[in-house]
Amino acid sequence: MNSSEKGIERLLRSDLFGLKAYQPIVPPDVLSEQAGIPIKGVIKLDGNENPYGCSPRVKDALANYNFYHIYPDPDQREVRKELERYVGVSAEHIVAGSGSDELIDLILRLFIESGDQVLNCVPTFGMYPFCTEICGGEVVDVPRDKSYAIDGTKVKEAVSERTKIIFVASPNNPTGNVTPERDILELVKTGIVVVVDEAYYEFSGVTVAPLVLKYENLIVLRSFSKWAGLAGLRIGYGIFSTLISQHLLKIKQPYNINLAAEIAVKESLIDTDYLKSTVRAIIAERERLFTKLGELKFLNPFPSQANFILCAVVKEDAQVIHEGLQKKGIFVRYFDTPLLRNSLRISVGKPEHTDALIEALKELC
Ligand SMILES: *Cc1c(COP(=O)(O)O)cnc(C)c1O
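Residues numbered from 1 in each chain as written. Predicted model: local features only at pLDDT ≥ 70, side-chain atom pairs only at ≥ 80, totals over all residues. Heavy atoms only, no water.

**Let's talk about the sheet that holds strand β13 (residues 340-347)**
- Taken in spatial order, the four strands make up an open sheet running β9-β10-β13-β12, and their pairing is antiparallel. Of all the strands in the sheet, just β9 (299-302) and β12 (333-337) have a single pairing partner and so form its edges. Neighbour to neighbour, the strand axes of the sheet diverge by 30° on average, direction disregarded.
- Across four bridges, β12 lies against β13 in antiparallel orientation. Bridge pairing in β13 links F335 to S343. (Pairing = 2+ DSSP bridges. Helix = DSSP H or I, 4+ residues; strand = E, 2+ residues; numbered from the N terminus. Axes fitted to C-alpha atoms, helices over the stretch in contact; angles between N-to-C directions.)

Okay, here's the thing in structure tokens:
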């Protein structure tokens, strides 16, 4: 035991003592306070949230619901049934979570024992290593290639007797590229659990969900946070072989998804025409933003099939740009890691957000 661990800390799990906190995004009211800009002037392009918000049907339904005093259904019968048609698989293959983040945690809890390994195709979403470590697992990083594609040979070489899970975000966060089906199948053939995180599926239109019926070690995760504008209500779901979904239903907290989220899913799925129109607007804006960013000499945007664009900053300091934008009330995500040097990730906003961003960038450099 570390002698610096005083009092109650001596009782903490020793493997969690040195854990680095997850770097979450900062809420708009705090951003507004930091920048000294009224909250209405804040342009939030750091969380890949939907700038058009949720379906208006969600707000009406939430205001008119009368049974908030009753616990939600532990078996999630209605939600899973409603998702059947949208997903194209039967309810027995579906489990919902408090955001897909909760499902990442549950999958790890189901498979990982102390010392088991998880392959992480970096650079990628920070929740995979974070949740793995909390579960006592060991993260093995397998770098993507120069164009951020997954190197199947390298991943397979990294598989050991202790490897239980491979995480693949597709489209990947923060790079925006999709992993083709044949590459995913190559990983599935290893027999290890392959989790394909399709949080941005609606922006790419590419999915491997139907393959879950064929391969019991393939899992697909989806979210209502990005396309459906429900990040604040915390609702996502996974598509699993029936054996895995049964085990997940057994180990999850009985009331893991709340009634408001259940109602929001129901109304969103009734209103997919509206939601898809906002997705189309975001995709069109993504292409316009990409062109505008590419016109700036100091930015090198990477093509994206999601609702954000990763930009390498050339001959300028990304951190200085990040802070300069912040002072103008524009918030983007800054990266400077060994595999993502001097970079910014910019969520696609409304056209007026693109215009304000480009103007601010021109003033800064
Ligand atoms: C945003 C994001 C999630 C989280 O989705 P929630 O449903 O809000 O928990 C999962 N995976 C990736 C890759 C993401 O970018």
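Moving on, there is more to tell.
**Focus on the packing of aromatic side chains**
- Following the criterion strictly, the structure yields eleven aromatic pairs and no others.
- The interplanar angle of 65° and the centroid separation of 5.0 Å between the aromatic rings of Y65 and Y68 together place this pair among those described as edge-to-face.
- The exposure class of Y68 is partly exposed, given its relative accessible area of 42%.
- On the numbers, 5.0 Å between centres and 75° between planes, the contact of Y200 with F308 is edge-to-face. Of this pair, Y200 sits in the loop between β6 (193-197) and α8 (201-204) while F308 sits in strand β10 (residues 308-313), and the two are 108 residues apart along the sequence. Of the two residues, Y200 and F308, neither departs from the other in class, the shared state being buried.
- One aromatic cluster is present, formed by Y86, F224, W227 and Y237 through successive ring pairs.
- Between the NZ or CZ atom of R222 and the centre of the ring of Y201, over which it lies, the distance is 3.9 Å. (Phe/Tyr/Trp six-rings, centres within 6.5 Å; stacked < 30°, edge-to-face > 60°. Buried < 20%, exposed > 50% of the residue type's maximum accessible area, 1.4 Å probe, protein only. Lys NZ or Arg CZ within 6 Å of the ring centre and 35° of its normal.)

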